[in-house]
Amino acid sequence: MKTIAIIGAGQLGSRHLQGVHKSRHDLDIHVVDASRDSLATAESRYNQIQPVADHRVFFSDTIASLPAEIDLAIIASSSMPRYQILKGLLSRCRVKTLILEKFLFPRLSEYQAASELLARSSTEAFVNCPRRLYPSFSLIAERFDFSRPVVMRKSGREWGLCCNSIHYIDIFMKLTGEREFSVDTTGVFPEIEESKRPGYMELNGTLRIFTPRGDRLELVSEVFDCPSELTLDNGRDRVVVDEAGGTTECNGDVFETPVLFQSDLSGTVADTVLEGKNPGLTRYEESRRYHEILFKAIVDFVRRLPGAPESVKQDCDPLLPIT
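Just so it is clear, the model here is predicted, and its values are computed rather than measured.

Peer 1: Give a detailed account of the overall build of the protein chain, specifying residues and quantitative values.
Peer 2: Along its length, the protein chain carries nine helices and 17 strands. The globule rule puts the C-alpha radius of gyration for 323 residues at 20 Å, and the 20 Å found for the protein chain is close to it. Judged by the C-alpha coordinates and their principal axes, the protein chain covers about 50 × 50 × 35 Å. Buried positions account for 54% of the 323 residues belonging to the protein chain.

Spelled out as structure tokens, the structure:
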């Protein structure tokens, strides 16, 4: 019997739970959240899935209830408490493999501290940037010539420039094979927006990412109605991805590339991990590098704005409230 822990049973955590419930391995599944309402919602969603193996589930409001040995842990909380949850988890439990949600942490110091915790505990850690697992991007990797510099553009209305850009940066870096990038914030609107999640902030406008060899990623979040679209172009090949509609057009040919939700992915990822294989997600240290570059650029931009949170303006270890 393998053991899985899911910490954070909100909208995303409950979808992870549904996915894990599709695993073909016999499991003890431990779900932790301080909110009883979230636990109730998670339990309801868990019961919507018909399992294919023997699964037992346990719900609790404290990590103190977790077993000492965990094969796979998923931290699906919001970013503010994530480092303290990680610290508490690894101080109590031996975790073989860990999956973290993003945006990873709101303080720059927590990235290095997390690296040290993971190294001391010998925990293999990944960050859940699941586009690496989507059929559309597997198709693009096969049919698009990435030996030439590429322009990739994601546009749409208020899609979460702060909290979701890392998804597109991650797959952009994976596809281009580059490891470093610079950030241009001159196209970002100079207004801080309230996130849908209380206590967090958002931005709109255009964020541009450049690699040393000349690739460019344009991330456009408009405040007016704007079709959601993702395109790639290298001057010869052109791709248009309809992520919501589940199609990918490559040089005029249209392919069905089904939309995969978290409840579709987590079971497969869990099975891959439990069988000792690489799940295909981004390793922590790689994702840490991408997060830190983006973090610094956003902090430098936000702290110059009128009404910038005092937590961002402080010189020593600013706190950037991105969920």
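Peer 1: Give me the pairing of strand 16 (residues 253-256): which residues, what numbers.
Peer 2: Pairing of strand 15 (residues 247-250) with strand 16, which is carried by four bridges, proceeds in the antiparallel orientation. Across the sheet, the residue bridging to Thr248 is Phe255, located in strand 16. In this structure, the hairpin formed by strand 15 and strand 16 is closed by a connection of two residues, where Asn251 is found at a positive phi of approximately 50°.

Peer 1: Let's hear about a nonpolar patch on the surface: which residues, and what values?
Peer 2: A surface patch of nonpolar side chains, about 250 Å² in accessible area, is lined by Phe189, Val223 and Phe224. Structurally, Val223 is set in the loop between strand 12 (216-222) and strand 13 (229-233).

Peer 1: Mind laying out the environment of Pro258, listing which residues take part and the relevant values?
Peer 2: When you line up the elements, Pro258 lands in the loop between strand 16 and helix 7 (262-274). Remark: the alpha-carbon pair of Pro258 and Val188, spanning 70 residues in sequence, is separated by 32 Å. With near-sequence residues (within four places) excluded, Pro258 lies in contact with Pro135 and Gly246.

Peer 1: If you had to explain helix 4 (residues 109-121) to someone new, which residues and values would you point to?
Peer 2: Across its 13 residues, helix 4 extends 19 Å between first and last C-alpha, which sits within 8% of the 18 Å expected from 1.5 Å per residue. For helix 4, every residue scored as buried is listed here: Glu110, Tyr111, Ala113, Ala114, Ser115, Leu117 and Leu118. Next to the buried residues of helix 4 lie helix 3 (82-92), strand 5 (94-100), strand 6 (124-127) and helix 8 (284-302). Directly after helix 4, the chain includes Ser122, whose backbone phi takes a positive value near 55°.

Peer 1: Summarise the side chain of Ser287; cite the residues concerned and give the values.
Peer 2: Here Ser287 is to be found in helix 8. If we ignore the near neighbours within four places in the chain, the residues touching Ser287 are Leu104, Val127 and Thr282.

Peer 1: Can you break down the pattern of salt bridges residue by residue, with the values?
Peer 2: All chains considered together, the criterion is met by 25 salt bridges. A salt bridge links Glu218 to Arg153, with the shortest nitrogen-to-oxygen separation between them at 3.4 Å. Here Arg153 lies in strand 7 (residues 151-157) and Glu218 lies in strand 12, a separation of 65 residues in the sequence. Across the pair Lys277 and Glu275 runs a salt bridge, and its minimum N-O distance is 3.7 Å. On the basis of relative accessible area, Lys277 is assigned to the exposed category, the value being 52%. Residue classification places Glu275 among the partly exposed residues on the basis of a relative accessible area of 30%. Taken together, the shared-partner salt bridges in this structure form one network comprising Arg24, Asp271, Glu275 and Lys277.

Peer 1: So what's going on with the packing of helix 1 (residues 11-20) against helix 2 (residues 36-46)? Which residues, and what values?
Peer 2: Two numbers describe how helix 1 lies on helix 2: the axes approach to 9 Å, and their chain directions differ by 30°. Taken together, the axes of helix 1 and helix 2 lie roughly parallel to each other. Between helix 1 and helix 2 the crossing geometry is right-handed. Listed contacts from helix 2 to Gln11, Ser14, Arg15, Leu17 and Gln18 of helix 1 are Ala42, Arg45 and Tyr46. Split into classes, the residues belonging to the contact of helix 1 with helix 2 amount to three nonpolar, three polar and two charged.

Peer 1: How would you explain the pairing of strand 11 (residues 205-210) if you had to name every residue and give the values?
Peer 2: Relative to strand 11, strand 8 (residues 182-188) runs antiparallel, the two sharing five bridges. Across the sheet, Asp184 pairs through a bridge with Arg208, a residue of strand 11. In terms of strand pairing, strand 11 meets strand 12 through six bridges, oriented antiparallel. Within the sheet, the bridge partner assigned to Phe210 lies in strand 12 and is Arg216. Linking strand 11 to strand 12, which pair antiparallel, is a turn of five residues; within it Gly214 sits at a positive phi near 110°.

Peer 1: Tell me about the sheet that holds strand 11, and please be specific about residues and values.
Peer 2: Pairing is mixed across the open sheet formed by eight strands, whose spatial order is 8-11-12-7-13-14-15-16. Strands at the two margins of the open sheet, each flanked by one partner only, are strand 8 and strand 16. Strand-to-strand twist across the sheet, computed as the mean angle between neighbouring axes with direction ignored, equals 15°. Packed on one face of the sheet, helix 5 (residues 135-143) meets strand 13, strand 14 (238-242), strand 15 and strand 16 and runs near 10° to strand 15. Its contacts with the sheet put helix 6 (residues 161-176) on strand 7, strand 8, strand 11, strand 12 and strand 13, and the angle it makes with strand 12 is roughly 155°.

Peer 1: Could you give an account of the nonpolar core, with specific residues and numbers?
Peer 2: Ranked by internal contacts, the top residues of the largest apolar core, which has 73 residues, are Leu89, Leu98 and Tyr284. Counting residues per element, this core draws most heavily on helix 6, at ten residues. Setting aside residues no more than four positions away along its own chain, Tyr284 makes contact with Leu100, Leu104, Phe105, Glu110, Tyr111, Ala114, Ser115, Leu118, Ala125, Phe126 and Val127. Grouped together as the second largest cluster of nonpolar side chains are 21 residues, Ile6, Leu17, Leu39 and Leu281 included.

The rules behind these values
- Residues numbered from 1 in each chain as written.
- Predicted model: local features only at pLDDT ≥ 70, side-chain atom pairs only at ≥ 80, totals over all residues.
- Heavy atoms only, no water.
- Helix = DSSP H or I, 4+ residues; strand = E, 2+ residues; numbered from the N terminus.
- Rg over C-alpha atoms; globule rule 2.2 N^0.38 Å.
- Buried < 20%, exposed > 50% of the residue type's maximum accessible area, 1.4 Å probe, protein only.
- Pairing = 2+ DSSP bridges.
- Patch = residues over 30% accessible without salt bridge, like charges linked within 9 Å, V, L, I, M, F, W, Y side chains within 5 Å.
- Areas by Shrake-Rupley, 256 points an atom, 1.4 Å probe, with all protein chains shown as cover.
- Salt bridge = Lys/Arg side-chain N within 4 Å of Asp/Glu carboxyl O.
- Contact = heavy atoms within 4.5 Å.
- Expected span 1.5 Å × (residues − 1).
- Axes fitted to C-alpha atoms, helices over the stretch in contact; angles between N-to-C directions.
- Parallel < 35°, antiparallel > 145°, perpendicular 65-115°, else oblique.
- Left-handed = near helix turned anticlockwise from the far one by under 90°.
- Nonpolar A, V, L, I, M, F, W, Y, C, P; charged D, E, K, R; others polar.
- Core = buried A, V, L, I, M, F, W, Y, C linked by side-chain atoms within 4.5 Å.

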